[in-house]
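Tertiary structure, described
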Amino acid sequence: MTKRIALVAHDHKKTELLAWIEKHLSVMQQCDIVATGTTGQRIIEQTGLDVLRLKSGPLGGDQQIGAKIAEGELDALFFFWDPLNPAPHDPDVKALLRLCSVWNVPVACTSATADLMVTSPLFLSQDFEPLKPDY
């Protein structure tokens, strides 16, 4: 099964996310990708990857990704958020990160953590199935 991932970045982190994607382009090409609006557009323009673009984060995109996590439609979240510049939609950001913990979805918020995730032999493995809680 193809890994289904979400890629999100706050404005001051978009360049960092794009550089990280290019570094791991061969892995990204093997994934089904969803992204919030502007981030998704920049990924498409810079890499040519096929990306399902949702709404911009402040306009509901973070919540759309949260819904996909709650419905079991995503395997991982890469969210390069900016801890130094508060966003008007911070409650949505916190809710999205909380949902990853609730549903045991791997999440990376820095390039270092993202590197560790995608270079793990488990990341693209068909045999790895994280435990899903039974609430």
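Heads up: the structure comes first, above all this text.
Just so it is clear, the structure is predicted and the values come from calculations on it, not from any experiment. (Residues numbered from 1 in each chain as written. Predicted model: local features only at pLDDT ≥ 70, side-chain atom pairs only at ≥ 80, totals over all residues. Heavy atoms only, no water.)

Below, the discussion takes up the overall build of the chain. Secondary structure summary: the chain contains 6 helices and 5 strands in total. When the helices and strands of the chain are placed in sequence order, the string is β-α-α-β-α-β-α-β-α-β-α. Taken over the C-alpha trace, the chain has a radius of gyration of 14 Å; the compact-globule value for 135 residues is 14 Å, and the two agree within 12%. Each of the three principal axes of the chain carries a C-alpha extent, and together these read 40 × 35 × 25 Å. Residues classed as buried in the chain amount to 44% of the 135 residues present. If you take every contact in the chain between residues at least 6 apart in sequence, the share linking residues at least 24 apart comes to 70%. (Helix = DSSP H or I, 4+ residues; strand = E, 2+ residues; numbered from the N terminus. Rg over C-alpha atoms; globule rule 2.2 N^0.38 Å. Buried < 20%, exposed > 50% of the residue type's maximum accessible area, 1.4 Å probe, protein only. Contact = heavy atoms within 4.5 Å.)

Before going further, it helps to spend a moment on the pattern of salt bridges. Enumeration over the complete set of coordinates arrives at 5 salt bridges. Here Asp 11 and Lys 14 are joined by a salt bridge, their closest N and O atoms 3.7 Å apart. Owing to a relative accessible area of 60%, Asp 11 belongs among the exposed residues under this scheme. (Salt bridge = Lys/Arg side-chain N within 4 Å of Asp/Glu carboxyl O.)

Within the secondary structure layout, Ser 56 lies in the loop between β3 (51-53) and α4 (61-70). Accessibility expressed as a relative area gives 24% for Ser 56, which makes it partly exposed. With 12 residues separating them along the chain, Ser 56 and Lys 68 place their C-alpha atoms 15 Å apart. Excluding residues within four positions of it along the chain, Ser 56 makes contact with Gly 37 and Gly 61.

This part is about the pairing of strand β4 (residues 76-80). The buried count for β4 comes to 5 of 5 residues, which makes it a mostly enclosed element. The alternating pattern of β4 places Ala 76, Phe 78 and Phe 80 on one face and Leu 77 and Phe 79 on the opposite face, and all of these are buried. Two elements, strand β1 (residues 3-9) and β4, share 5 bridges in a ladder whose sense is parallel. Pairing of Ala 9 across the sheet is with Phe 80, part of β4. Sheet analysis places β4 next to strand β5 (residues 107-108), joined by 2 bridges and oriented parallel. (Pairing = 2+ DSSP bridges.)

Our focus in this paragraph is the packing of aromatic side chains. Enumeration over the complete set of coordinates arrives at 4 aromatic pairs. Here Trp 103 and Tyr 135 contribute two aromatic rings whose centre-to-centre distance is 5.4 Å and whose plane-to-plane angle is 90°, an arrangement assigned as edge-to-face. Separated by 32 residues along the polypeptide, Trp 103 in the loop between α5 (90-102) and β5 and Tyr 135 in the segment after α6 (111-119) bring together distant segments of the chain. (Phe/Tyr/Trp six-rings, centres within 6.5 Å; stacked < 30°, edge-to-face > 60°.)

The next point concerns the nonpolar core. By size, the foremost hydrophobic cluster in this structure holds 23 residues, and its most contacted members are Ile 5, Leu 7, Trp 20, Met 28, Phe 78 and Phe 123. Those elements that place two or more of their residues in this core are β1, α1 (14-23), α2 (25-28), β2 (31-35), β4 and α6. With 4 residues, α1 is the largest single contributor of residues to this core. Beyond its immediate stretch of four places on either side in the chain, Phe 123 contacts Lys 3, Ile 5, Val 27, Cys 31, Ala 76, Phe 78, Met 117 and Val 118. (Core = buried A, V, L, I, M, F, W, Y, C linked by side-chain atoms within 4.5 Å.)

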